[in-house]
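Observations on the three-dimensional arrangement
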Amino acid sequence: MKKKGWIIGGLIFLLLSVGLYNAYQKFCTPYGAWEINWKFKSPSPSEMNDVINTIGGFPAEGETYTICKYSDYKLKKILKTNNWAKMDDKSYDMIKKKVNHFQNTVSSIHIGQEEKFKKIFLNNPVTFTKDSLYFLKSNSDGSYFLSILNPNENKVYILEWVQ
């Protein structure tokens, strides 16, 4: 009888642990927030570089620039989960302008730190080609989320502007 109790207790512990882990992934990670805020689903990356994160406090406005590297397996998974758009000549130019605008605006709004931010973007460039894919979502308040998947590097570049 004691053995059965231990097994049931172990199963309950396992279920609670899995539930807590999933809750943590959903509510306490950047990629969980991307899913909640922008409907962008992402498995946990192999490497994550939080290049810029100025979001904080109330009302949680600011900018983020994150570079995520994925294994081949997780890259295939992320390719299946989002409504990616393929780049063509027109969208390539639009994405290039959007990235440049993001970088220039972030650099210019942080008065006294313009050179610091320019250097950050220079040392951490958003690299993409016409083989890349993108996911862009905007809100009526001017906030937007741009994700660029570079399949040649197994990287996803995330630019988030929150108003």
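Please refer to the structure higher up on the page.
So, a few notes on the structure that sits alongside this text. (Residues numbered from 1 in each chain as written. Predicted model: local features only at pLDDT ≥ 70, side-chain atom pairs only at ≥ 80, totals over all residues. Heavy atoms only, no water.)

**Points about the overall build of the protein chain**
Defined as follows: Only DSSP runs of H or I reaching four residues or more are called helices, and only runs of E reaching two or more are called strands; each is numbered from the N terminus. Residue exposure (1.4 Å probe, protein chains only): buried if accessible area is under 20% of the type maximum, exposed if over 50%, otherwise partly exposed. Contacts between residues were defined by any pair of non-hydrogen atoms, one from each residue, lying within 4.5 Å. Per-residue and other accessible areas were derived by the Shrake-Rupley procedure at a 1.4 Å probe size, with only the shown protein chains allowed to occlude residues.
Looking only at helices and strands, one finds five helices and six strands in the protein chain. Going from N to C terminus, the protein chain has its helices and strands arranged as α-α-β-β-α-β-α-α-β-β-β. Counting over 163 residues, the protein chain shows a buried share of 37%. Considering only contacts within the protein chain whose residues lie at least 6 apart along the sequence, 57% involve residues at least 24 apart. Surface accessibility of the protein chain: about 10300 Å² in total, with carbon and sulfur atoms responsible for 58%.

**Observations regarding the packing of aromatic side chains**
Basically, it comes down to this: When the centres of two rings from Phe, Tyr and Trp lie within 6.5 Å, Trp using its six-membered ring, the rings pair. Their planes under 30 degrees apart give stacked, over 60 give edge-to-face, and anything left gives tilted. A ring is scored as having a charge over it whenever the NZ atom of a lysine or the CZ atom of an arginine sits within 6 Å of its centre and within 35 degrees of its normal.
Evaluation of the coordinates by the stated rule reveals 13 aromatic pairs. Ring geometry for Y144 against W161: centres 6.5 Å apart, planes inclined by 5°, an arrangement best described as stacked. Of this pair, Y144 sits in strand β5 (residues 144-150) while W161 sits in strand β6 (residues 155-162), and the two are 17 residues apart along the sequence. Residue W161 is classed as buried on the basis of its relative accessible area, which comes to 12%. Within the aromatic cluster, the residues linked to one another by ring pairs are W34, W38, F40, W84, F135 and F145. Positioned above the aromatic ring of Y92, the side-chain terminus of K130 is 5.4 Å from the ring centre.

**Re unusual backbone geometry**
Phi angles above zero are rare outside glycine, and K39 is one such case at about 65°. Mapping K39 onto the fold places it in the loop between α2 (30-38) and β1 (47-53). K39 sits in the exposed class, given a relative accessible area of 55%. Residue N154 is not a glycine yet carries a positive backbone phi of 60°. With respect to the element layout, N154 can be found in the loop between β5 and β6.

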